[in-house]
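Commentary on secondary and tertiary structure
Here are the chains, one letter per residue:
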Amino acid sequence: MYTAHPDRYAEMPYRRTGHSGLKLPALSLGLWHNFGPDRPVETQRAILRRAFDLGVTHFDLANNYGPPPGSAESALGEALKADFAPYRDELVISTKAGYLMWPGPYGEWGSRKYLLSSLDQSLSRMGLDHVDIFYSHRPDPDTPLEETMGALHTAVQQGKALYVGVSNYSPEQTREAARILAGLGTPLLIHQPRYSMLDRRPETSGLLDTLDELQVGSIAYSPLEQGLLTGRYLDGIPEDSRAASDSPFLNSDAVTEELVGRLRTLNGIAEARGQSLAQLALAWVLRQGRVTSALVGASSPRQLEDSVAAIGNLDFDAGELARIDEIVKG
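Now for a quick tour of the structure. What you are looking at is a predicted structure, and each value in this text was computed from that prediction instead of being measured.

Successive side chains on a regular strand alternate, one facing one side of the sheet and the next facing the other. Side chains Gly217 and Ile219 of strand E9 (residues 217-220) all project onto a buried face; the interleaved residues Ser218 and Ala220 project onto the opposite face, where all are buried too. With two bridges joining them, E9 and strand E10 (residues 293-296) adopt parallel strand pairing. Its bridge partner being in E10, Ala220 is matched across the sheet by Ala294.

Enumeration over the complete set of coordinates arrives at 24 salt bridges. One salt bridge connects Arg8 with Glu90, and the closest N-O pair in it is separated by 3.0 Å. Of the two residues, Arg8 is situated in the segment before strand E1 (14-16) and Glu90 in the loop between helix H2 (71-84) and strand E5 (92-97); the sequence distance between them amounts to 82 residues. The salt bridge involving Glu203 is made with Arg200; its shortest N-O contact spans 3.8 Å.

This brings us to unusual backbone geometry. With an omega of -5 degrees, the peptide bond running from Gly66 to Pro67 counts as cis. In this fold, Pro67 is placed in the loop between strand E4 (58-60) and H2. In this structure, the amide linkage connecting Pro67 to the following residue, Pro68, adopts the cis form with an omega of -5 degrees. As for its placement among the helices and strands, Pro68 is situated in the loop between E4 and H2. In this structure, Glu225 is a non-glycine residue whose phi angle is positive, near 50 degrees. Overall, Glu225 belongs to the buried group, its relative accessible area being 10%. Phi is positive for Gln226, close to 55 degrees, though the residue is something other than glycine. As for its placement among the helices and strands, Gln226 is situated in the loop between E9 and helix H8 (257-272). Exposure remark for Gln226: the relative accessible area of 8% places this residue in the buried category.

Another point: the side chain of Ser20. Here Ser20 shows up in the loop between E1 and strand E2 (23-25). Polar contacts involving the side chain of Ser20 include one to the main-chain amide nitrogen of Leu22, which spans 3.1 Å. Other than its neighbours up to four places away in sequence, Ser20 contacts Tyr163 and Leu189.

Looking at the secondary structure, you find Leu234 in the loop between E9 and H8. Assessed through its relative accessible area of 14%, Leu234 is described here as buried. On a C-alpha basis, the gap between Leu234 and Gln215 in space is 38 Å, while along the polypeptide they are 19 residues apart. Dropping the residues within four chain positions of it, Leu234 is found in contact with Val260, Leu263, Arg264, Asn267 and Leu277.

A few words now on the packing of aromatic side chains. Counting across every chain of the model gives nine aromatic pairs. Measuring from ring centre to ring centre gives 5.8 Å for Phe52 and Phe84, while their planes differ by 80 degrees; the resulting arrangement is edge-to-face. Residue Phe52 is found in helix H1 (residues 41-53), and its partner Phe84 is found in helix H2; the two are separated by 32 residues along the sequence. Comparing Phe52 with Phe84, the two get one shared label, buried. Cluster of aromatic residues (ring-pair linked, three or more members): Tyr2, Phe52, Phe59, Phe84 and Tyr87. The cationic tip of Lys113 hangs over the ring face of Tyr106; the distance from NZ or CZ to the ring centre is 5.5 Å. Here the guanidinium or amino end of Arg273 rests over the ring plane of Phe316, the centre of that ring lying 3.9 Å away.

The rules behind each value
- Residues numbered from 1 in each chain as written.
- Predicted model: local features only at pLDDT ≥ 70, side-chain atom pairs only at ≥ 80, totals over all residues.
- Heavy atoms only, no water.
- Buried < 20%, exposed > 50% of the residue type's maximum accessible area, 1.4 Å probe, protein only.
- Helix = DSSP H or I, 4+ residues; strand = E, 2+ residues; numbered from the N terminus.
- Pairing = 2+ DSSP bridges.
- Salt bridge = Lys/Arg side-chain N within 4 Å of Asp/Glu carboxyl O.
- Polar contact = N/O pair within 3.5 Å; in protein donor to acceptor, adjacent residues only side chain to side chain.
- Contact = heavy atoms within 4.5 Å.
- Phe/Tyr/Trp six-rings, centres within 6.5 Å; stacked < 30°, edge-to-face > 60°.
- Lys NZ or Arg CZ within 6 Å of the ring centre and 35° of its normal.

This is the structure:
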């Protein structure tokens, strides 16, 4: 029987999410990869237990995470039942709907039918009566935003979600979503954008400024840029890496000699700070407190521990930030 570490809250910083009462750990665990049937169940459980012992209280999912779709939620459901039943109220569990989940015209995007049906399925897979955060995973160009936001509001009214968020929305779409939700009486809690040292779109598009203005929280996904901002690619493309498999999220063409050179230079900055490249990348995303939490994946407890160690040094001087910008922007 798993018993959580008594000092699990001693080191992890918790940040208030926008203008809400909810605090999230600086690092959250994403179950996008590594929680399907191709991974040993005991490894999955060990990652979740180690995360919680380190103060990572937020587990982030979506209906289609796995692979195959749904399997990550099912895996978490089994772990909740086996290990975390006594700790449910210490956890923040989030899920999303928006991408393809089942065949036919009602299995993706942002209709009321899809979102609420998907949430019911997610709750069933996880064995829960509610999630803490339910997201619209992407904007739907063919469904009125009022309908999509209305479905999120209904989820809260039904008691199936405590808070709602959006992901992959533009600044303009985010502003309108917040306006609609405010009119319904369900505030927009959080936005989940892709953000890393190599992907600055939340800065350049004005999204972070918009979130600051609206007092909406943010949680960055892919802060390690699909593994590029780790030590894995400092000597090229390893045979067992994601890039070598030509994953749809990272292919070998992206790992150019120029990029590898930049990664090595960034690694030099990390070493001077006493950090790994991954720790540097996570600390950079969390700098200045503009991002509420950074989402990390893990294939082992050891990998998770390395990521969590980033919280030991989240401060940058002006020279370091300028040098990082110079390296990344060329």
